[in-house]
Amino acid sequence: AVSSPGDQTDGSGTSIAGLTASATDSQDGATFTWSATGLPDGLSIDPATGTITGTPTTAGSSTVTVTAEDQFGATDDATFAWSVTNTVTVDGVGDQTDTTGTPVAPLTVTATDSSPVASLTWSATGLPDGLSIDPATGTITGTPTTAGIATVNATATDGPGFAGSTTFTWTTTNTVTVYAPADRFDVVGGPVVPVTVEATDSSPTAPLTWAATGLPD
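Now for a quick tour of the structure. (Residues numbered from 1 in each chain as written. Predicted model: local features only at pLDDT ≥ 70, side-chain atom pairs only at ≥ 80, totals over all residues. Heavy atoms only, no water.)

A separate point is the sheet that holds strand 3 (residues 19-20). The three strands are arranged 3-7-6 in an open sheet whose pairing can be described as antiparallel. In this open sheet, the two strands that pair with only one neighbour each are strand 3 and strand 6 (43-45). Pairing analysis gives three bridges linking strand 6 to strand 7 (residues 51-54), with the strands arranged antiparallel. Residue pairing in the sheet places I45 in a bridge with I52 of strand 7. (Pairing = 2+ DSSP bridges. Helix = DSSP H or I, 4+ residues; strand = E, 2+ residues; numbered from the N terminus.)

Listed below in structure tokens is the structure:
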């Protein structure tokens with residue numbers, strides 16, 4: 001009779017502790033030849049000892065059946081579940097500061113997956129208006145349009161749905177440029193010719209409010 005080792009859970013990319021199946025035989029002195037079906041990718045069973053070893057490569061849940069056959073041709077088996085999980089690690093990104101109206105230097109967020117066969121898809125929340133992340137590369141590009149302080153969360157998700165993320169702050173400032181008019185000379189008591197002072201804002205959405213000090217009485 002083959003004893004079930006119980007359900008197993010391991011992470012991809014890490015060698016498992018050897019798991020040895022066991023069996024008893026009504027015939028004294030019997031020896032066993034072991035086989036298995038449904039093992040997670042990267043694992044194998046030693047036919048002589050029944051020990052399962054290796055490094056799982058792919059996340060998922062497998063139904064494993066181990067079979068022992070003695071030298072007389074008698075067989076028995078046991079079935080159990082084996083779950084493999086992935087770990088996604090996203091590298092930290094430092095806080096960012098940029099100016100509206102100017103394209104940002106491309107910022108690529110990077111990550112690793114414990115599974116050597118998993119691919120990652122990127123997403124982000126909280127990006128300043130005008131910026132976006134490339135889902136394939138994790139690169140953030142664009143031209144910010146609105147000043148403010150944003151809390152950005154960039155997330156990498158692999159095919160089986162395991163994810164990791166990093167959070168950082170992105171500060172966007174405006175640059176206001178005022179164009180000084182030429183010096184003016186006017187006569188006391190006479191009306192002045194209206195002078196319009198002009199200015200630009202690096203943000204295409206920011207309204208300007210005007211104030212002045214030192215105007216003649």
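Here we come to the packing of aromatic side chains. Across all of its chains, the model carries three aromatic pairs by this definition. With 6.2 Å between their ring centres and 55 degrees between their planes, F32 and W34 make a pair best called tilted. By relative accessible area, F32 is classed as partly exposed at 22%. Taking 6.0 Å as the distance between ring centres and 45 degrees as the angle between the ring planes, the aromatic pair formed by F168 and W170 counts as tilted. (Phe/Tyr/Trp six-rings, centres within 6.5 Å; stacked < 30°, edge-to-face > 60°. Buried < 20%, exposed > 50% of the residue type's maximum accessible area, 1.4 Å probe, protein only.)

What follows concerns the sheet that holds strand 16 (residues 139-142). Ordered in space as 12-16-15, the three strands form an open sheet in which the pairing is antiparallel. With partners counted over all chains shown, the strands left at the sheet margins are strand 12 (107-108) and strand 15 (131-133), one partner each. Bridge count for strand 15 against strand 16 is three bridges, and the pairing is antiparallel. Paired with L131 across the strands is G142, a residue of strand 16.

Let us look at the nonpolar core. Counting residues in hydrophobic clusters, the biggest one holds 17 residues, and the most contacted among them are V109, L127, I140, F168 and W170. Mapped by element, the contributors of at least two residues to this core are strand 10 (88-90), strand 15, strand 17 (148-158) and strand 18 (163-173). It is strand 17 that provides the largest number of residues to this core, a total of four residues. Among all residues touching W170, those that are not within four sequence positions of it are Q96, D98, V104, L107, L127, P128, L131, I140, G148, I149, A150 and V152. (Core = buried A, V, L, I, M, F, W, Y, C linked by side-chain atoms within 4.5 Å. Contact = heavy atoms within 4.5 Å.)

Here we come to the side chain of T139. Structurally, T139 can be placed in strand 16. Here T139 falls in the buried class, since its relative accessible area comes to 15%. Excluding residues within four positions of it along the chain, T139 makes contact with P106, L107, T108, S132, I133 and D134.

Now for the pairing of strand 9 (residues 75-85). Looking at chain direction, strand 2 (residues 8-11) and strand 9 are connected through four bridges and run parallel. By the bridge assignment for strand 9, T9 is matched with S83. Taken together, the ten bridges between strand 8 (residues 60-70) and strand 9 define a ladder with antiparallel strand orientation. Within strand 9, the position partnered with T67 by the bridge is D77. Between the end of strand 8 and the start of strand 9, which pair antiparallel, lie four residues, with G73 showing a positive phi angle near 95 degrees.

So, about the environment of D95. Mapped onto the elements, D95 comes out in the loop between strand 10 and strand 11 (96-99). D95 sits in the exposed class, given a relative accessible area of 60%. Taking the C-alpha atoms as reference points, D95 and W170, separated by 75 residues in sequence, lie 5.9 Å from one another. Sequence-distant contacts of D95, defined by excluding residues within four places in its chain, comprise F168 and T169.

Looking at the secondary structure, you find D183 in the loop between strand 19 (176-179) and strand 20 (198-201). With 66 residues separating them in the primary sequence, D183 and V117 have C-alpha atoms 70 Å apart.

Let us now look at the side chain of T65. Within the secondary structure, T65 is located in strand 8. A polar contact of 3.0 Å, which involves the side chain of T65, links it to the side chain of T79. Each residue touching T65, except ones within four places of it in the same chain, is listed here: S35, A36, T37, D77, A78 and T79. (Polar contact = N/O pair within 3.5 Å; in protein donor to acceptor, adjacent residues only side chain to side chain.)

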